[in-house]
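What follows is each chain in one-letter form.
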Amino acid sequence: MRNLWANWPQREIGGLAKFYILVQYAFWLQQIMVINMEKRRKDHWQMLTHHIVNFTATFLHYASPTPILKCRLLENALKAAAKLFSIFKEYRGIRP
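Quick notes on the rules
Residues numbered from 1 in each chain as written. Predicted model: local features only at pLDDT ≥ 70, side-chain atom pairs only at ≥ 80, totals over all residues. Heavy atoms only, no water. Helix = DSSP H or I, 4+ residues; strand = E, 2+ residues; numbered from the N terminus. Buried < 20%, exposed > 50% of the residue type's maximum accessible area, 1.4 Å probe, protein only. Contact = heavy atoms within 4.5 Å. Polar contact = N/O pair within 3.5 Å; in protein donor to acceptor, adjacent residues only side chain to side chain.

Let's talk about the overall build of the protein
Point 1. Looking only at helices and strands, the protein has 3 helices and 0 strands in total.
Point 2. N-terminal to C-terminal, the α/β element order of the protein is α-α-α.
Point 3. When burial is assessed residue by residue, the protein has 18% of its 96 residues classed as buried.
Point 4. The long-range share in the protein, meaning contacts at least 24 apart out of those at least 6 apart in sequence, stands at 58%.

A look at the side chain of H44
Point 1. Inspection of the secondary structure assignment puts H44 in helix 2 (residues 44-63).
Point 2. H44 sits in the buried class, given a relative accessible area of 3%.
Point 3. Among the polar contacts made by the side chain of H44, one reaches the side chain of R40 at a distance of 3.4 Å.

Shown next as structure tokens:
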């Protein structure tokens, strides 16, 4: 943890990474607004909490040094893999 802020302010990030982070930030902000405009689902509070957590995590990883970016990208990859696993599991259950 001590090395997290070593050589601070090391705030330079590449243009592609900055674009990715800002697009993620805009997406989660939009999701927070949309979930409150739509008809409430039974999992409304769960999804709202999920969107707020992701919005906050995206902001924090934009405001912090680069190692957090790698953790965030790994988190996104794991979430995508879990979703694919869930879809494959459901698909297997549907087949006769």
